[in-house]
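Topology and contacts: notes
So you can see what is in the structure, the chains are spelled out below.
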Amino acid sequence: MVLVVLLVVGGVYINSSSQDSDVTSDLSTTTEEVRQVTIDQVEDHNSEDDCWTIVEDKVYDITSYVPRHPGGDEILRACGEDGTSLFLERRDENGRAVGSGTAHSSSAQSQLEQFFVGNLSSN
Ligand code: HEM
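All of the points below concern the structure found in this document. Note that the structure is predicted; figures quoted are calculated from it, not measured.

Rules behind the numbers
- Think of each chain on its own: its residues are numbered from 1, step by step along the sequence as written.
- Given that this is a predicted model, residues contribute local features only at a pLDDT of at least 70 and side-chain atom pairs are listed and counted only at 80 or more, while totals for whole chains, interfaces and linings are drawn from all residues.
- Values reported for side chains reflect all heavy atoms of the structure, with hydrogen atoms and water molecules removed beforehand.
- Consider each residue's heavy atoms; a residue with any of them within 4 Å of a molecule or strand counts as near.
- We call two N or O atoms a polar contact when they sit within 3.5 Å, provided that within protein one can donate a hydrogen and the other can accept it, with sequence-adjacent residues counted only if both atoms are side-chain atoms.
- Here a cavity is any set of points on a 1 Å grid over the protein atoms alone where a 1.4 Å probe fits but cannot get out, and a pocket is any open set with protein on both sides within 12 Å along at least 5 of 7 lines; a residue lines the site when it has an atom within 4 Å of a point.
- For a molecule to be placed in a cavity or pocket, more than half of its atoms must lie within 2 Å of the grid points of that cavity or pocket.
- Each helix is a run of H or I in the DSSP string that is no shorter than four residues. Each strand is a run of E no shorter than two, and both are numbered from the N terminus.
- Charged means Asp, Glu, Lys or Arg here, nonpolar means Ala, Val, Leu, Ile, Met, Phe, Trp, Tyr, Cys or Pro, and polar covers whatever is left, Gly included.
- Coordination shells were defined by N, O and S atoms within 2.8 Å of each metal, extended to 3.2 Å for Na, K and Ca; water is absent from the atom set, which can make sites look incomplete.
- All geometry calls rest on donor angles, where a four-donor set with angles between 85 and 135 degrees is tetrahedral, four- and six-donor sets with opposite donors more than 155 degrees apart and all others between 65 and 115 are square planar and octahedral, and all else is irregular.
- Accessibility here uses a 1.4 Å probe with only protein chains present; expressed as a share of the type maximum, an area under 20% marks a residue as buried, one over 50% as exposed, and anything in between as partly exposed.
- Ring geometry is summarised as follows: Phe, Tyr and Trp rings, the Trp one being its six-membered ring, pair when their centres sit within 6.5 Å, and such pairs are stacked at plane angles under 30 degrees, edge-to-face over 60 and tilted between the two.
- By the criterion adopted, a ring carries a charge over it if an Arg CZ or a Lys NZ lies within 6 Å of its centre and within 35 degrees of its normal.
- Each reported salt bridge corresponds to a side-chain nitrogen of Lys or Arg within 4 Å of a carboxyl oxygen of Asp or Glu.
- Whether two strands pair comes down to DSSP finding at least two bridges between them.
- Contacts between residues were defined by any pair of non-hydrogen atoms, one from each residue, lying within 4.5 Å.

Contacts to the ligand come from 19 residues, most closely from H69, R90, S100, H104 and S105. Between a nitrogen atom of the ligand and a side-chain N or O atom of H69, the distance comes to 2.8 Å. If you map the ligand onto the pockets, it falls in the largest pocket. Elements that contribute at least two residues to the shell around the ligand include exactly α3 (84-89) and α4 (106-112). The residue inventory of the shell around the ligand, partitioned by class, reads 10 nonpolar, seven polar and two charged.

Written as structure tokens, this is what we have:
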């Protein structure tokens, strides 16, 4: 009988302490800081071998994607630059079409997220 009580109480204790640790790990994930990146830092990554770009105030390191980009070297226009219109509209800073001159597919847009580095800092 004593053994049964010990087993039940012990089981409840282990169960509640594992819930506590889940809560703790959730909290540490949500409080993690997003890196802030300056425009100067982005401009330092401006080559085929080291290519960062900005899309809608978010910074992406797209270096590993450069050699496998289906649109070839056109992607290099965005290295070290704000690539928002290049990526979202396939248009350059003068509004001229780059390739189709239309938005990248939703598949391309979701692929971009894996390259996220941080938010563009406002100063
Ligand atoms: C920001 C500069 C970029 C430029 C100027 C650019 C340009 C192009 C061009 C000209 C094409 C050929 C098809 C067409 O003419 O419409 C293309 C296709 C494609 N690009 Fe880009 N690209 C850029 C960045 C990216 C990035 C960062 C990704 C993915 C993370 C990407 C993914 C793709 C994909 C998947 C295609 C195939 C067609 C589609 O899904 O829309 N591109 N791109």
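On to the coordination of the iron atom of the ligand. Protein coordination at the iron atom of the ligand comes from H69 (NE2) and H104 (NE2), with a distance range of 2.0 Å. Between the six donor atoms coordinating the iron atom of the ligand, the angles at the centre fall across 87 to 179 degrees, so the site counts as octahedral. Of this pair, H69 sits in the loop between β4 (58-61) and β5 (81-82) while H104 sits in the loop between α3 and α4, placing them 35 residues apart in sequence. Judged by relative accessible area, H104 falls into the buried class, the value being 15%.

This next bit is on the packing of aromatic side chains. For the structure on display, the rule yields two aromatic pairs. Relative to F116, the ring of Y60 has its centre 6.0 Å away and its plane inclined at 65 degrees; by these criteria the two rings are edge-to-face. In this pair, Y60 is assigned in strand β4 and F116 in strand β6 (residues 116-120), connecting sequence segments 56 residues apart. Judged by relative accessible area, which is 31%, F116 ranks as partly exposed. Between K58 and the ring centre of F116, over which it is positioned, the NZ or CZ distance is 5.5 Å.

Glancing now at the pattern of salt bridges. In the structure shown here, the tally under the stated rule is two salt bridges. The residue D92 makes a salt bridge to R96 at a minimum N-O spacing of 3.6 Å. For D92, a relative accessible area of 10% corresponds to the buried category.

Right, let's get into the pairing of β4. Both strand β3 (residues 50-55) and β4 contribute to a ladder of four bridges, which runs antiparallel. The partner of I54 across the bridge, within β4, is V59. Counted along the chain from β3 to the antiparallel partner β4, the turn is two residues long, and its residue E56 has a positive phi close to 50 degrees. Of the strand pairs in this sheet, β4 and β6 are connected by three bridges, and their pairing is antiparallel. For Y60, the partnering residue across the bridge sits in β6 and is F116.

To continue, consider the side chain of T63. Mapped onto the fold, T63 is located in the loop between β4 and β5. A polar side-chain atom of T63 sits 2.6 Å from a polar atom in the side chain of D61. Not counting the four nearest positions on each side in its chain, T63 is found in contact with E48, D49, D50 and C51.

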